[in-house]
Amino acid sequence: MGARTEIRLTVNGTERAVSAYPMERLLDVLRNELGLTGTKEGCGEGECGSCSVLLNGELVNSCLVPVLQAEGKDIRTIEGLATEALHPVQKAFLECGGAQCGICTPGMIVATVHLLSSKPKPTMEEIREGLNGNLCRCTGYTRIFEAVQSAAESMTSDDLKQLSCVPEKVR
Amino acid sequence: MSERVVGVAVPRKEGAAKVTGTAKYVDDIRLDGMLYGATVRSTIARGTIKGIHFGEGIDWDEFVVVTAKDVPGKNVVSLIVEDQPLLADKQINHPEEPILLLAHADRHLLPLAVAAVRIEYEAMPSVHSIEESECCKEIVWGEDNTFKTYTIDKGNIDEVWKDAAWIVEGEYTTGAQEQLYIENNGVIAQVNDADGVTVWGSMQCPFYVHKALMALTGLPEDKVRVIQTETGGAFGGKEDYPSIIAGHAVLLAKKSGRPVKIVYDRMEDMAATTKRHPSRTRHRTAIDKDGKLLGGEIEFVIDGGAYVTLSPVVLSRGTIHAAGPYCWPSIRVKATAVATNTPPHGAFRGFGAPQSLFALERHMDVVARAIGMAPDEFRRKNLLRSGESTATQQVIREPIDLQHLLDRALELSDYHAKMARFSKQNVLATKKKGMGIAAFFHGAGFTGSGERYLNALVGVDADERGDVRVLVSSTEFGQGTNTILCQIAAEALGLEYDDVSMAPPDTRVVPNSGPTVASRTAMIIGKLVQRAATDLKEKLVAAGLPGADARRDAFRRACGEYVRTRGELKAYSRYQAPPDVYWDDTKYRGEAYPAFGWAVYVAEVTVDTATYSVTVDDFVALQEVGRVLHPVLAAGQIEGGVAQAIGYALYEKVEWKQGRMLNNQMTNYIMPTSQDLPPIRVYFEEVPYQYGPYGAKGIGELPMDGPAPAIVNAVVAATGEEFRSIPLMPEDIFSTMYVNASTKISDEVTA
């Protein structure tokens, strides 16, 4: 993996410097170096989406991103979502039964935030497509779709603004 | 129904932690000085170990190495039969069998070290199918490759054939299925003189692990402590296997003197851990001239893999469910679990029933077609009625109306109108549509005398502020254990839902309420929680304090008063069988389960005759599960089970080569995505069950049983071709519809 090197990145709005192998997975750096264990590993090969994070506003599987590629980028994880109260998407997942075992939930919520930031009122077809990279083994997705619809209905323009969290300069 | 908390969609207890990502799963925990463990596994299916070689390029002094020689005492995984070693010593019986363990502080170095260990083998012939195992050319287990057999005999089956208007035979097979919980298996172990052994892990049954570790270490009960961490899905896949991983981590921790974490990656988890048993079922059925069942013979065989593990229990449930919810005047079920050189198959939601019920409900359609009767009509004539008895001669005392359930499911799915329309449209269409039915049941709780042997113990305690805790070893892994048990306690005590919490799932804190399996948590454990809560109130009354009928504030004050003056306020409740329950373990006769969940499901599919793919367009799931404790969680259980069963029917195929799973990745083992599933329409009929908490029965496994036969019945209705195996892949439909059209197997139908 080569020698460790210092890599700078912005995580949930805070600039961080980490010492990591350049080819180390962004997922491992988030979890092990930065202690952000809300991002989960399910498959390690970009199929299940449990490790979904936003990288400069794009939805990525952090298990497929070498940390080198995140240098200077803006990363948003599940931990960056709830401030004092639950984010409307989190609240909707909680109320609609969109989370069962919870292991896919952080990735699913990040994917939902990404979907709603570009499509604030998604159709069922758009929801199904928007979440097709995030696997859930518990719910059969029905209640996740309901949660997305419920979040879309309840979100204010301020919430939507919060979704487009990426600073203008890197967008 | 006047309950305040039960039946209400309260928020999931651990829900906020899950949606914020703060819930701690085992891989989220790091202890000081912790090492990471990895497993060296066999690459052959059967043979003997001739040597272990540590290759060059690795600084082996940095690694902790554990072999079978480091196992103190007997080298077995303690479960039912002691035939499975914790680490293979000489004999190898399946691919991916653990041989050697390694630990190191740097996680990244482990895969390199595992690859550098070379095991020298002398290979032996191996067995890889039910048929190969049955023919006994190679004996790979015991004297005849047979783990277990059961026979159910009701009426006089040998006499029915002469009176039959029709005799219909059929053979049906089902494949292995991977549980595919999104969180892989993992544990952390710590060993020291003061505390003994402590294990944290992703698991369903802390006391199974506790028992296995006591046997492994020889330590007394109080020196082994098992704590369940937040568990990211299980579905049966974390029932027995965590005992193995925990054993491995304990051996490494003991040898190194440091905490050790073993977390499998996806490929290792899929290749090495348990799956649903593959099965073969043969039916021979006698029907009279009116379309009534006279009798049937069912031969049910499951592939158990290389060691006994849970196969006898899985076989038992499959055997009892094999005759389904029908009235058979005579029936004989002969069931066998056989050995092959594959990693042991294990528990998976449904536990043998999805296999034998797939065969049965497919066969019911085959029979209906053979005797010229509509599938719904044939079922309606033969479904059990109250007062009639099941294959084990269990008289149905619940006031069920399966004919009504069937009619309602047909109405909800618009079955008759759509079938009529499809049969016209299909003639010229390349996309052919069809509908299929499955009527089925699932027993809640352990089979037969099981609950009496388990002897579950449940507690409820209250602190000085009147905050109440539920004390159980029943675990949460998505189903909603925490939520429903707190609802029940709150209801029984007149408290608010938020006043009640779960004690940590830690064997040092909670009593042994048995394993979290077999659709037993809501019905059996829920009832014990209700009773313990009632006993807690009575303790207050006995102390002259307001307890029974006290309002919330008075109750809380009374708890405070009690704790201050008398100390601990805690009540326990132990399992008591409902009255008039009789079960004969040798004859397999009597009350197999305290209660059943009943269901009729209807699937609507499209078969594209250009691509041979099947799409499920609509799915109606109607069931009677007693009182629904939580409408959102209950519907979520059904939806999730149906989704998993759609995968079982159409997508999830384990490819084997010499007993090893070849497609052990999410890339090539395909589970349903958000774009693959139909609207799953869930309906409940609620007939309160007398001995369940507030009338509830079990629910978790039921939805796994019906979808596969309903879907394949629908594919048959759409195409007019016969399909008798799952998973039903596009290539199977292609080969049946075109390539093998002329050699299609026809039923033996005799007049």
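Bear in mind that the values here come from a model prediction, so they are computed numbers and not experimental data.

Reading the values: rules and limits
Residues numbered from 1 in each chain as written. Chains lettered and ligands numbered in written order. Predicted model: local features only at pLDDT ≥ 70, side-chain atom pairs only at ≥ 80, totals over all residues. Heavy atoms only, no water. Contact = heavy atoms within 4.5 Å. Buried area = accessible area lost by both parts, 1.4 Å probe. Salt bridge = Lys/Arg side-chain N within 4 Å of Asp/Glu carboxyl O. Helix = DSSP H or I, 4+ residues; strand = E, 2+ residues; numbered from the N terminus. Domains from an automatic or database assignment. Polar contact = N/O pair within 3.5 Å; in protein donor to acceptor, adjacent residues only side chain to side chain. Nonpolar A, V, L, I, M, F, W, Y, C, P; charged D, E, K, R; others polar. Pairing = 2+ DSSP bridges. Core = buried A, V, L, I, M, F, W, Y, C linked by side-chain atoms within 4.5 Å. Buried < 20%, exposed > 50% of the residue type's maximum accessible area, 1.4 Å probe, protein only. Axes fitted to C-alpha atoms, helices over the stretch in contact; angles between N-to-C directions. pLDDT = per-residue confidence, 0-100. Disulfide = S-S within 2.5 Å. 1 Å grid on protein atoms, 1.4 Å probe; cavity = no way out; pocket = protein on both sides within 12 Å on 5 of 7 lines; lining within 4 Å. Points joined across faces, edges and corners; volume = space filled by probe spheres on them. Phe/Tyr/Trp six-rings, centres within 6.5 Å; stacked < 30°, edge-to-face > 60°.

Peer 1: Would you mind showing me how to read the interface of chain B and chain A here?
Peer 2: How big an interface is tends to be reported as the loss of accessible area on association of its parts. At the junction of the two partners, chain B supplies 54 residues and chain A supplies 46 residues. A buried area of about 3,900 Å², summed over both sides, lies between chain B and chain A, and 53% of it is on carbon and sulfur atoms. On the chain B side of the interface with chain A, the three residues burying the most area are Val 19, Ile 182 and Ser 674 of chain B, jointly 19% of the side's total. Linking chain B with chain A are five salt bridges. In this structure, Lys 40 of chain A and Asp 28 of chain B form a salt bridge, with 2.4 Å as the shortest nitrogen-oxygen distance. Among the secondary structure elements, those contributing two or more residues to the side of chain B that touches chain A are α1 (15-20) and α16 (631-650) of chain B. It is α16 of chain B that provides the largest number of residues to the side of chain B that touches chain A, a total of eight residues.

Peer 1: When you look at the domain arrangement of chain B in this model, what are you seeing that I'm missing?
Peer 2: Residue and element names in this part refer to chain B. By domain assignment, chain B separates into domain 1 (15-23 + 456-574), domain 2 (31-124 + 185-263) and domain 3 (279-447 + 587-740). Inter-centroid distance (C-alpha atoms) of domain 1 to domain 2 is 35 Å. If you look at the interface, domain 1 gives 16 residues, while domain 2 gives 20 residues. At the boundary of domain 1 with domain 2, the tally comes to two salt bridges. Connecting domain 1 to domain 2 are seven residue pairs in polar contact (both at pLDDT 80 or more). Tallied by class, residues from the side of domain 1 that touches domain 2 come to seven nonpolar, five polar and four charged.

Peer 1: Would you take a moment to explain the domain arrangement of chain A for this structure?
Peer 2: Residue and element names in this part refer to chain A. Domain annotation for chain A reports domain 1 (5-80) and domain 2 (88-163). Of note, the centres of domain 1 and domain 2, computed from C-alpha atoms alone, are 21 Å apart. At the junction of the two partners, domain 1 supplies 15 residues and domain 2 supplies 14 residues. Together domain 1 and domain 2 conceal approximately 1,100 Å² of surface at their shared face, both sides included; 60% is due to carbon and sulfur atoms. If you look at where domain 1 meets domain 2, you find zero salt bridges.

Peer 1: Just checking my understanding: could you explain the pairing of strand β2 (residues 47-54) of chain B for this structure?
Peer 2: Residues and elements named next belong to chain B. For β2 and strand β4 (residues 91-92), the ladder comprises two bridges, and the chain directions are antiparallel. Paired with Gly 47 across the strands is Ile 92, a residue of β4. In the sheet, β2 pairs with strand β6 (residues 117-123) via seven bridges, with the strands oriented antiparallel. Within the sheet, the bridge partner assigned to Gly 47 lies in β6 and is Ala 123.

Peer 1: Honestly, the nonpolar core in this entry has me stumped. Any pointers?
Peer 2: The nonpolar side chains of a soluble globular protein tend to be buried, and buried together. Of all hydrophobic cores here, the largest spans 159 residues; its most connected members are Tyr 141 of chain A together with Phe 378, Trp 598, Leu 650, Ile 711, Val 715 and Ile 733 of chain B. Residues contacting Leu 650 of chain B, with those up to four places away along its chain left out, are Val 614, Val 616, Ile 711, Leu 728 and Met 729 of chain B. Counting 51 residues, the second-largest nonpolar core is a separate cluster that includes Val 5, Ala 554, Leu 629 and Leu 633 of chain B.

Peer 1: I would appreciate a short explanation of the sheet that holds strand β18 (residues 468-471) of chain B in the present structure.
Peer 2: Whenever strands of a sheet pair, they do so through backbone hydrogen bonds, lying parallel or antiparallel. All names here are of chain B. Read across the open sheet, the four strands follow the order β19-β18-β17-β20; overall the sheet is mixed. In this open sheet, the two edge strands, each paired with only one partner strand, are β19 (500-502) and β20 (569-574). Direction aside, neighbouring strands of the sheet carry axes that sit 20° apart on average. With three bridges connecting them, β18 and β19 associate as parallel partners. Among the inter-strand pairings, Arg 469 is bridged to a residue of β19, identified as Ser 501. Packing of helix α14 (residues 521-542) onto the sheet brings it into contact with β17 (457-462), β18 and β20, and relative to β20 it is tilted by some 140°. Packing of helix α15 (residues 552-566) onto the sheet brings it into contact with β17, β18 and β20, and relative to β20 it is tilted by some 100°.

Peer 1: Can you help me understand the pairing of strand β16 (residues 431-444) of chain B in this one?
Peer 2: All names here are of chain B. Among the 14 residues in β16, 12 count as buried, and that is most of the element. Looking at chain direction, β16 and strand β23 (residues 595-608) are connected through 14 bridges and run antiparallel. The partner of Ile 437 across the bridge, within β23, is Val 602.

Peer 1: Which parts of the structure should I look at to understand the confidence of the model for chain A?
Peer 2: Low-pLDDT stretches of the model should not have their predicted coordinates read in fine detail. The pLDDT averaged across chain A works out to 93; a share of 93% of its residues lies at or above 70. In the predicted structure, residues 166-171 of chain A sits below a pLDDT of 50 and forms eight contacts with residues beyond four places in sequence or in another chain.

Peer 1: Just to check I follow, could you spell out the pattern of salt bridges for this structure?
Peer 2: Pairs can form between side chains of opposite charge whenever their charged atoms are close. Here the structure, examined in full by the defined rule, presents 66 salt bridges over all chains. Among the ionic pairs, Lys 289 of chain B bridges to Asp 290 of chain B, the shortest N-O distance being 3.6 Å. The class of Lys 289 of chain B is exposed, set by a relative accessible area of 65%. Relative accessible area serves as the criterion here: at 41%, Asp 290 of chain B is assigned to the partly exposed category. Between Glu 398 of chain B and Lys 697 of chain B there is a salt bridge, with the nearest N and O atoms lying 2.5 Å from each other. Here Glu 398 of chain B, found in the loop between α9 (375-382) and α10 (402-412), pairs with Lys 697 of chain B, found in the loop between β27 (680-685) and α17 (702-705); they are 299 residues apart in sequence, far enough to count as distant. You'll find Glu 398 of chain B and Lys 697 of chain B in the same group, each marked buried. Here the salt bridges do not stand alone but share partners, grouping Arg 31 and Lys 40 of chain A together with Asp 27, Asp 28, Arg 107 and Lys 261 of chain B into one network.

Peer 1: Help me understand the environment of Cys 205 of chain B, please; the structure alone is not making it clear to me.
Peer 2: All names here are of chain B. Mapped onto the elements of the fold, Cys 205 is located in the loop between β10 (196-201) and α4 (206-217). Given the relative accessible area of 2%, Cys 205 is considered buried. On a C-alpha basis, the gap between Cys 205 and Ser 126 in space is 33 Å, while along the polypeptide they are 79 residues apart. Those residues in contact with Cys 205 that sit more than four places away from it in its chain are Lys 238, Glu 239, Pro 515, Thr 516 and Val 517.

Peer 1: I keep staring at the sheet that holds β27 of chain B and nothing clicks. Help me out?
Peer 2: All names here are of chain B. Read across the sheet, four strands follow the order β16-β23-β24-β27 without closing on themselves; strand pairing throughout is mixed. Edge positions in the sheet fall to β16 and β27, since each of these pairs with one other strand and no more. Direction aside, the axes of adjacent strands within the sheet are offset by 15° on average. Of the pairings in the sheet, the one linking β23 to strand β24 (residues 614-624) comprises 10 bridges and is antiparallel in character. If you follow Glu 604 over to β24, its bridge partner there is Asp 618. Contacting β23, β24 and β27, α16 runs over the sheet at an angle of about 130° to β27.

Peer 1: What's the story with the state of the cysteines in this structure? I'm lost.
Peer 2: The term disulfide refers to a covalent linkage connecting the sulfur atoms of a pair of cysteines. All names here are of chain A. Tallied over the entire structure, the rule returns zero disulfides over all chains. Take Cys 48: it sits in no disulfide, and the sulfur closest to it among the cysteines is that of Cys 43, at 3.8 Å. Residue Cys 48 is classed as buried on the basis of its relative accessible area of 2%.

Peer 1: Please clarify how empty space enclosed by the protein should be interpreted in this entry.
Peer 2: A probe matching the size of a water molecule, rolled over the atoms, marks out where space remains unfilled. Residue and element names in this part refer to chain B. All told, the structure shown has eight cavities of 30 Å³ or more when counted by the stated rule. Of the voids in this model, the largest cavity is the one considered here, and its volume is about 130 Å³. Surrounding the largest cavity, 17 residues form its lining, Gln 84, Tyr 241, Ile 244, Thr 309 and Pro 344 being those nearest its centre. Its residues placed into classes, the lining of the largest cavity shows 10 nonpolar, four polar and three charged. When residues of the lining of the largest cavity are sorted by domain, at least three fall in each of domain 2 (31-124 + 185-263) and domain 3 (279-447 + 587-740). Of the pockets and cavities examined, the second largest cavity occupies roughly 90 Å³. Together, Gly 448, Glu 451, Arg 452, Tyr 575, Ala 577, Pro 578, Val 581, Glu 591, Ala 592, Tyr 593 and Pro 594 line the second largest cavity. Within the lining of the second largest cavity, the residues separate by chemical class into seven nonpolar, one polar and three charged.

Peer 1: In this structure, what is going on with the packing of aromatic side chains? I would like to understand it.
Peer 2: The description of an aromatic ring pair uses the distance of the two centres, along with the angle that the planes make with each other. Residue and element names in this part refer to chain B. Enumeration over the complete set of coordinates arrives at 15 aromatic pairs over all chains. A ring pair is formed by Trp 583 and Tyr 588, whose centres lie 5.0 Å apart and whose planes are at 70°; its orientation type is edge-to-face. Each of the two residues, Trp 583 as well as Tyr 588, counts as buried. For the ring pair Tyr 593 and Phe 596, a centre distance of 5.6 Å and an interplane angle of 75° mean the geometry is edge-to-face.

Peer 1: Would you mind going over unusual backbone geometry with me for this structure?
Peer 2: If a residue is not glycine, its phi is most likely negative; likewise, a peptide bond is most likely trans. Residues and elements named next belong to chain B. Note the cis peptide between Ile 726 and Pro 727, where omega equals 0°. Its location among the elements puts Pro 727 in the loop between β28 (725-726) and α19 (730-739). Of note, Gln 393 is a non-glycine position whose phi angle comes to about 70°, a positive value. Its location among the elements puts Gln 393 in the loop between α9 and α10. Using a relative accessible area of 34% as the deciding quantity, one classes Gln 393 as partly exposed.

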